[in-house]
Amino acid sequence: MITTRATALAVLLATGSLSAHAEVFMSNAWAKQACDAWNKSSTLTNELADWAKNDDDRGFKTIQMYRDKCGLGSKVELKISHKDGKAICTYGGAVTNSNPDYGVDYLMHATDENWTCMGEGKCKAAGSMMTGKLKFSGPKMEAMGVMGPFNAFLALTGSVGGDMNTCP
């Protein structure tokens, strides 16, 4: 009986059906999971469709983010494109856009405590930006126009979760 349970647990771990540990919060692997979660969110894909069109004719815009304690060098990136009338995340991982255009691209960073607060939905986007809990570079007026979906994006960071004990 014990052998059967141990074997079943080993199979679950090997197939990824049961996670042995959470990804490090805002690591490259975490960003891939965040991209997948974005595409499963009708709020993000539908309500940010027009927002995704502002891409300076590159075919994408980027959201780069990091945790303050881990530093600027630990940034990860989500690449968002307007496809089939939706805002689709086409990439999540290490930074590929080494020269962001803050007329269309975004950079966000915060303390782990503030990322947690935003991820739990306790700290909303507008208030977090105004109080400095969320440091932000990018088209601020554009962001102010999509606060509802932006709140959903911040909540996504919490739903993906991750280990905050170490830096990526």
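Located above this text is the structure these notes cover.
A brief structural summary. Keep in mind that what you see is a predicted model, and the values were worked out from it rather than measured.

Quick notes on the pairing of strand β2 (residues 76–83)
Link 1 in the chain: β2 sits mainly inside the fold: 6 of its 8 residues count as buried.
Link 2 in the chain: Bridging between strand β1 (residues 61–67) and β2 involves 5 bridges; their strand directions are antiparallel. Of the residues in β2, the one forming a bridge with Thr62 is Lys79.
Link 3 in the chain: Where β2 lies against strand β3 (residues 86–94), 8 bridges are found, and the strand directions are antiparallel. What sits directly across from Lys83, in β3, is Lys86.
Link 4 in the chain: Here β2 folds back onto β3 in antiparallel fashion, the turn holding 2 residues, of which Asp84 has a positive phi close to 50°.

Focus on the packing of aromatic side chains
Link 1 in the chain: Per the stated rule, a full pass over the model turns up 8 aromatic pairs.
Link 2 in the chain: Between Phe136 and Phe150, the ring centres sit 6.3 Å apart and the planes meet at 65°, which makes this aromatic pair edge-to-face. Residue Phe136 is located in strand β5 (residues 135–137), and its partner Phe150 is located in helix α8 (residues 147–160); the two are separated by 14 residues in the primary sequence. Note on accessibility: Phe136 and Phe150 belong to one class, buried.
Link 3 in the chain: Site record: aromatic cluster; members linked through ring pairs are Trp38, Trp51, Tyr106, Phe136, Phe150 and Phe153.
Link 4 in the chain: Taking the ring centre of Phe60 as reference, the NZ or CZ of Arg58 above it sits at 4.4 Å.

What counts, and at which threshold
- Residues numbered from 1 in each chain as written.
- Predicted model: local features only at pLDDT ≥ 70, side-chain atom pairs only at ≥ 80, totals over all residues.
- Heavy atoms only, no water.
- Buried < 20%, exposed > 50% of the residue type's maximum accessible area, 1.4 Å probe, protein only.
- Helix = DSSP H or I, 4+ residues; strand = E, 2+ residues; numbered from the N terminus.
- Pairing = 2+ DSSP bridges.
- Phe/Tyr/Trp six-rings, centres within 6.5 Å; stacked < 30°, edge-to-face > 60°.
- Lys NZ or Arg CZ within 6 Å of the ring centre and 35° of its normal.

Just distances and angles here, no functional claims.
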